[in-house]
Amino acid sequence: MKCAGDSVAERVVKQVLDGHVAARTPIWMMRQAGRYLPEYRAVREKAGDFLTLCYTPDHAVEVTLQPIRRFGFDAAILFSDILVVPHALGCDLTFEQGEGPRLSTTTNMSELNGLRTELDASKIDRVYEAITRIRAELPAETTLLGFCGAPWTLATYMIAGRGTPDQAPARLASLRDPAFFEALMDRLVEASASYLIGQFKAGVDAVQIFDSWSGVLDPEAFRAWSVRPIRRIVSAVRAEVPDARIIAFPKGATLSGLTELAQATGVNGVGLDWTADRRATRAQLGGRYALQGNLDPLALIAGGDALDRAIDTLMADFRGSAHIFNLGHGIRPETPIAHVEQMIRRLRG
């Protein structure tokens, strides 16, 4: 492992993804721009609806920067949503208050053929504009992260039209109509790679691929629908952006799954959810990949001594490795701001 330098302008998250052990562990949180912040809720109300919030550069820039101003995190992550990719391919998309996303379903080859083969520039270009503006306004030392949803996770929403507990509709589709499912995954691989390439060109330093539903897959399906599509995306992105830094976050993956994904795809970093065995994962992957995570979001809600103990144990498990501190999933809306402040004090001394 290499040691990161102490230059004020150094983007430490970016450096850790290059294999450096940072003198001070960098911090960011999934969903750090979100409903737990009153300033976010004010902009959300002004926007009127969630998609307007995502596609209006003024709003997207503002909410991306809010947690940086308030907490001084080491990375900002673009405010958007994984479902802008199916939306830009032609799926109808709405967000119902308290119920989550609703999409027009894509369940067969005919419906897939009715979608676009390339992303709608009138939507995606607004995301790229926001990225360019965010980068210009961020402190020089702050890493800017982009992201996309992994093809498997996007497919689960497109087939069911919403989130489901065990993603049975997508799993059944892959078994009943493999030709359609392969074609859908091909479309999503190509669109996702194009989207990430555009994000790099607009100014992000690194990207994260969220496979939020990979944990429902058996080992063979995980290899087919999580590992292989992510490998293809990484390969396509690096063909255009050779030094692209990429994190994969396969939520719910086993240690063997994490290992296979990291080795097969060549990502720079692996995100761990809160159930991951940190010591075993570090023994298996540390030294070759940056490890990101993995505080239980409920520990952050609990606060107090429980939070301090969880942070201390986590940091001891990762000490001396290329580590990015994060949660094991997104911060929950009911999280007290005071507990986030406590977390930062504990980490930064």
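Definitions and limits used
- Residues numbered from 1 in each chain as written.
- Predicted model: local features only at pLDDT ≥ 70, side-chain atom pairs only at ≥ 80, totals over all residues.
- Heavy atoms only, no water.
- Helix = DSSP H or I, 4+ residues; strand = E, 2+ residues; numbered from the N terminus.
- Buried < 20%, exposed > 50% of the residue type's maximum accessible area, 1.4 Å probe, protein only.
- Contact = heavy atoms within 4.5 Å.
- Areas by Shrake-Rupley, 256 points an atom, 1.4 Å probe, with all protein chains shown as cover.
- Lys, Arg positive; Asp, Glu negative; His and termini not counted.
- Charge placed at Lys NZ, Arg CZ, Asp CG, Glu CD.
- Salt bridge = Lys/Arg side-chain N within 4 Å of Asp/Glu carboxyl O.
- UniProt positions renumbered as here; feature names shortened; annotations may be inferred.
- Expected span 1.5 Å × (residues − 1).
- Bend = angle between axes of the 7 residues up to and from the residue.
- Pairing = 2+ DSSP bridges.
- Axes fitted to C-alpha atoms, helices over the stretch in contact; angles between N-to-C directions.

It is worth spelling out the overall build of the chain at this point. Helices and strands together make up the secondary structure of the chain, namely 16 helices and eleven strands. Seen along its three principal axes, the alpha-carbon backbone of the chain occupies a region of about 60 × 45 × 40 Å. For the chain, the proportion of its 349 residues judged to be buried stands at 58%. Intrachain contacts of the chain at a sequence separation of at least 6 include 73% that bridge at least 24 residues. Of the roughly 14100 Å² of accessible surface on the chain, 48% is carried by carbon and sulfur atoms. Both charge centroids of the chain, one from 39 positive and one from 41 negative side chains, sit 3 Å from each other.

On to the pattern of salt bridges. According to the stated counting rule, one finds 18 salt bridges in the structure shown. In this structure, Arg133 engages Glu129 in a salt bridge whose closest nitrogen and oxygen atoms are separated by 3.5 Å. Of the two residues, Arg133 and Glu129 both sit in helix α7 (residues 121-137), four residues apart, roughly one turn of that helix. With relative accessibility at 28%, the residue Arg133 sits in the partly exposed group. Residue Asp186 is joined to Arg232 by a salt bridge in which the shortest nitrogen-to-oxygen separation is 2.9 Å. Placement of the pair is Asp186 in helix α10 (residues 178-202) and Arg232 in helix α11 (residues 219-240), with a sequence separation of 46 residues. Taking the relative accessible area as the measure of exposure, Asp186 reaches 27% and is therefore partly exposed. By sharing partners, the salt bridges in this structure join Arg11, Lys14, Arg135 and Asp205 into a single network.

Let us look at the side chain of Ser212. Tracing the chain through its elements places Ser212 in the loop between β7 (206-211) and α11. Ser212 gets classed as buried once you look at its relative accessible area, which sits at 19%.

Our next topic: unusual backbone geometry. Across the chain, the bulk of peptide bonds are trans and the bulk of non-glycine residues have phi less than zero. The omega angle of the peptide bond from Gly293 to Asn294 is -15 degrees, so this bond is cis rather than trans. Assignment of secondary structure puts Asn294 in strand β10 (residues 290-295). In this structure, Arg31 takes a positive phi of about 60 degrees despite not being glycine. Within the fold, Arg31 resides in the loop between β2 (20-21) and α2 (38-47).

On to the UniProt feature "domain: Uroporphyrinogen decarboxylase (URO-D)" (unreviewed entry) in the chain. In this structure's numbering, the residues bearing the UniProt feature "domain: Uroporphyrinogen decarboxylase (URO-D)" (unreviewed entry) are residues 26-35 and 145-161. As annotated, residues 26-35 has a helix share of 0% and a strand share of 0%, and its two end C-alpha atoms lie 23 Å apart.

What follows is about the UniProt feature "site: Transition state stabilizer" (unreviewed entry) in the chain. The feature "site: Transition state stabilizer" (unreviewed entry), as annotated in UniProt, sits at Asp81 in this numbering. As for its position among the elements, Asp81 is in the loop between β3 (75-77) and α5 (84-88). Overall, Asp81 belongs to the buried group, its relative accessible area being 17%. If we ignore the near neighbours within four places in the chain, the residues touching Asp81 are Phe50, Cys54, Phe95 and Phe147.

Moving on: helix α4 (residues 57-71). With 15 residues, α4 should cover 21 Å at 1.5 Å per step; its first-to-last C-alpha distance of 22 Å lies within 8% of that length. Of all the bends in α4, the largest measures some 30 degrees and sits at Leu65, one to four residues before the proline Pro67. Across the 15 residues that make up α4, a large majority, eleven, are buried. Those residues of α4 lying buried are Pro57, His59, Ala60, Val61, Val63, Thr64, Leu65, Gln66, Pro67, Ile68 and Phe71. Count one or two residues on from α4 and you reach Gly72, which has phi positive near 70 degrees.

Turning our attention to the sheet that holds strand β11 (residues 323-327). In space, the seven strands of this open sheet follow the order β3-β6-β7-β8-β9-β10-β11, with parallel pairing throughout. Each having just a single partner strand, β3 and β11 make up the two edges of the open sheet. Within the sheet, the average angular offset between the axes of one strand and its neighbour, ignoring direction, is 25 degrees. Sheet topology note: the strand β8 (residues 245-250)/strand β9 (residues 269-271) ladder contains two bridges and is parallel. Bridging across to β9, Ile247 finds its partner in Gly269.

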